[in-house]
Amino acid sequence: MGNDTIPYKIYLSENELPEAWYNVRADMKHKPAPLLNPATHKPMSFDDLRPVFCDELVRQELNDSDAWIPIPQEIREFYRMYRPSPLVRAYCLEKKLGTPAKIYYKFEGNNTSGSHKLNSAIAQAYYAKQQGLRGVTTETGAGQWGTALSMACSYFGLDCQVYMVKVSYEQKPFRREVMRTYGAKVTPSPSESTEVGRKILAEFPGTGGSLGCAISEAVEAATKQDGYRYVLGSVLNQVLLHQTVIGLETMTAMDKYGVKPDIIIGCAGGGSNLGGLISPFMGRKLRGEADYRFIAVEPASCPSLTRGKFVYDFCDTGHVCPLAKMYTLGSEFIPSPNHAGGLRYHGMSSILSQLYDDKLMEARTVEQTEVFRAAQEFARVEGILPAPESSHAIKVALDEAKKCTETGEAKTILFGLTGTGYFDMYAYKAFNDGTMSDYIPTDEDLQRGFAGIPRFDGNTL
Ligand SMILES: *Cc1c(COP(=O)(O)O)cnc(C)c1O
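Below you will find a few notes about this structure. (Residues numbered from 1 in each chain as written. Predicted model: local features only at pLDDT ≥ 70, side-chain atom pairs only at ≥ 80, totals over all residues. Heavy atoms only, no water.)

### Observations concerning the overall build of the chain
Of the regular secondary structure elements, the chain holds 19 helices and 15 strands. For a compact globule of 461 residues, the expected C-alpha radius of gyration is about 23 Å, and the chain comes in at 21 Å, within 12% of that figure. When each of the 461 residues of the chain is scored for burial, the buried share is 62%. The long-range fraction of contacts in the chain, counting pairs at least 24 apart against all pairs at least 6 apart in sequence, stands at 76%. Put simply, the chain shows about 17600 Å² of open surface, and 50% of that area lies on carbon and sulfur atoms. When the 49 positive and 54 negative side-chain charges of the chain are each reduced to one mean point, those points stand 2 Å apart. (Helix = DSSP H or I, 4+ residues; strand = E, 2+ residues; numbered from the N terminus. Rg over C-alpha atoms; globule rule 2.2 N^0.38 Å. Buried < 20%, exposed > 50% of the residue type's maximum accessible area, 1.4 Å probe, protein only. Contact = heavy atoms within 4.5 Å. Areas by Shrake-Rupley, 256 points an atom, 1.4 Å probe, with all protein chains shown as cover. Lys, Arg positive; Asp, Glu negative; His and termini not counted. Charge placed at Lys NZ, Arg CZ, Asp CG, Glu CD.)

Rendered as structure tokens:
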């Protein structure tokens, strides 16, 4: 494809794998607010968090000062099995769009779990093993995180207990079987096996569950079994930290070819892939070395950044977790039942929330039918069948590239292609059948979620 010297795929060598994760908090002038104890409203200390999370992960969670955290050798060895991941120049897409824009995407779907989530799963399993634990518990919604964690746990010989949102457990039996193949125990949530699960079932019999509810069960299960800790696949500072391997590889690859992205786009559920992709670039921006536009893309049906409140809120439905300051729709907010595209968590990473509040990052919402249209357009020229979550970023990348077609500007657009969509065929079927619909919550819908946000001194809505 002619005049550019950039290859279709920029692969780094294994030796170019990052040796340390980059902690963007070290360069942030306004640090993300600390987690609070829900009873006393005091910041959670190392000792407060130890019963729930592995020690080393608590240290990472609380570390606002070290810019670089070395990646242990054993984690780098695991990364070598599927990393560095390719940075793709979307020549075919550019040609199809007739745009002067230069489009790049970092593809994280080249592993069995099908997404970026393995980058943090392997780190969390490693630290659990180092601490001599027997196993970990977690929640999973669509199943990507549970799959990644079950792979990571089997690698280190750890027990893995997954609470899977009941509707997904029933609708995605194949995800469940992948997890079981890797040795995980999968329980539909809410379940009778925890106190909080029994309480939720008594209050809402027949409920299909939610992520917030599965988190509560997983935390309870971890704290009630000897030698277990809870691990989470997004939202937390530590998860975002592990995902910076995405951004660091991307930056190395782009620097090597002298390419500077003008716009960096990612989908935002809990914020870990987006945070991981943008962190090193954001670091340059924060230090005044370069400037970029960052765009977080969220579903119109779950608009935490664009329509949420920036306050302390519960991270889970059962209110067993610490309070986090974040853009939130309220822990009782559940996207409308027609929502098929993932990214359904009610809150957003505290780091990204702070960056957004400081106007260092933009956010945009997109509706799911246009997301699937973008997914289809992308799949037909680039070949990859994208996850619905990733397709939110595709949609905005296409919009920005089309703008360039109109203005004639040759901007460089980078987006995160977080994973593949092979387990989302019911959603694709609805789109292909023309039965997929959109729903944008009304202000009244959102008000119901906001009503569940805790009120206390200093936490004003
Ligand atoms: C989980 C997931 C996301 C969203 O999670 P973040 O923490 O916001 O990155 C995006 N894409 C895929 C494929 C996922 O599995």
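So much for the structure itself; the text now carries on.
### Focus: the side chain of Ser234
By secondary structure assignment, the location of Ser234 is in the loop between β9 (228-230) and α11 (237-242). In this structure Ser234 comes out as buried when scored by relative accessible area, which is 14%. Each residue touching Ser234, except ones within four places of it in the same chain, is listed here: Val239, Gly270, Gly271 and Ser272.

### A word on the sheet that holds strand β15 (residues 412-417)
Pairing is mixed across the open sheet formed by 7 strands, whose spatial order is β1-β4-β5-β15-β10-β11-β14. Two strands close off the open sheet at either side, each with one partner strand: β1 (9-10) and β14 (362-366). Both β1 and strand β4 (residues 87-89) contribute to a ladder of 2 bridges, which runs antiparallel. Bridging from a neighbouring strand, Ile10 pairs with Leu87 of β4. Across the sheet, helix α13 (residues 272-286) touches β10 (263-267), β11 (293-299) and β15, and the angle it forms with β10 is around 155°. Against the sheet, helix α16 (residues 368-382) touches β4, β5 (102-107), β14 and β15, its axis set at about 95° to β14. (Pairing = 2+ DSSP bridges. Axes fitted to C-alpha atoms, helices over the stretch in contact; angles between N-to-C directions.)

### Quick notes on unusual backbone geometry
The amide bond that connects Arg83 to the next residue, Pro84, takes the cis arrangement and shows omega of -10°. Within the secondary structure, Pro84 sits in the loop between α3 (73-79) and β4. Of note, the amide linkage connecting Ser189 to Pro190 takes the cis form, showing an omega dihedral of 5°. Here Pro190 lies in the loop between β8 (185-189) and α9 (195-203). Phi at Val235 is positive, roughly 65°, even though this residue is not glycine. Within the secondary structure layout, Val235 lies in the loop between β9 and α11. Among the residues examined, Val235 registers a relative accessible area of 11% and is labelled buried. For Lys359, which is not a glycine, the phi torsion comes out positive at approximately 60°. For Lys359, a relative accessible area of 71% corresponds to the exposed category.

### Regarding the nonpolar core
Core analysis: the biggest nonpolar cluster contains 74 residues, and Trp21, Ile75, Tyr79 and Met361 have the highest contact counts within it. If one sorts the elements of this core by residue count, helix α5 (residues 118-130) sits on top with 8 residues. Formed by 27 residues, the second largest nonpolar core is a distinct cluster that contains Leu93, Ile103, Ala374 and Ala397. (Core = buried A, V, L, I, M, F, W, Y, C linked by side-chain atoms within 4.5 Å.)

### Regarding the site of the ligand
The immediate surroundings of the ligand are formed by 17 residues, with Lys117, Ser234, Ser272, Asn273 and Thr418 found nearest. The contact in question runs from an oxygen atom of the ligand to an N or O atom on the side chain of Lys117, over 2.5 Å. Between the ligand and Gly269 there is a distance of 2.7 Å, counted from an oxygen atom to a backbone nitrogen or oxygen. Coverage of the ligand by the protein chains reaches 94% of its 380 Å² of free accessible surface. Here the shell around the ligand is composed, by residue class, of 4 nonpolar, 11 polar and 2 charged. (Near = heavy atom within 4 Å. Polar contact = N/O pair within 3.5 Å; in protein donor to acceptor, adjacent residues only side chain to side chain. Nonpolar A, V, L, I, M, F, W, Y, C, P; charged D, E, K, R; others polar.)

### Remarks on the environment of Gly114
Among the structural elements, Gly114 can be located in the loop between β5 and α5. In this structure the C-alpha to C-alpha distance between Gly114 and Ala387, which are 273 residues apart in sequence, comes to 8.6 Å.

### Describing the pattern of salt bridges
For the structure on display, the rule yields 30 salt bridges. One salt bridge connects Glu362 with Arg293, and the closest N-O pair in it is separated by 2.8 Å. Highlighted residues: Glu362 in strand β14 and Arg293 in strand β11, separated in sequence by 69 residues. In this structure Arg293 comes out as partly exposed when scored by relative accessible area, which is 29%. Its salt-bridge partner being Arg448, residue Asp445 comes within 2.8 Å of it at the nearest N-O pair. Residue Asp445 and its partner Arg448 are located together in helix α19 (residues 443-450), separated by 3 residues, close to a single helical turn. Counted as one network, the salt bridges with shared partners bring together Arg293, Glu362, Arg364, Glu400 and Lys403. (Salt bridge = Lys/Arg side-chain N within 4 Å of Asp/Glu carboxyl O.)

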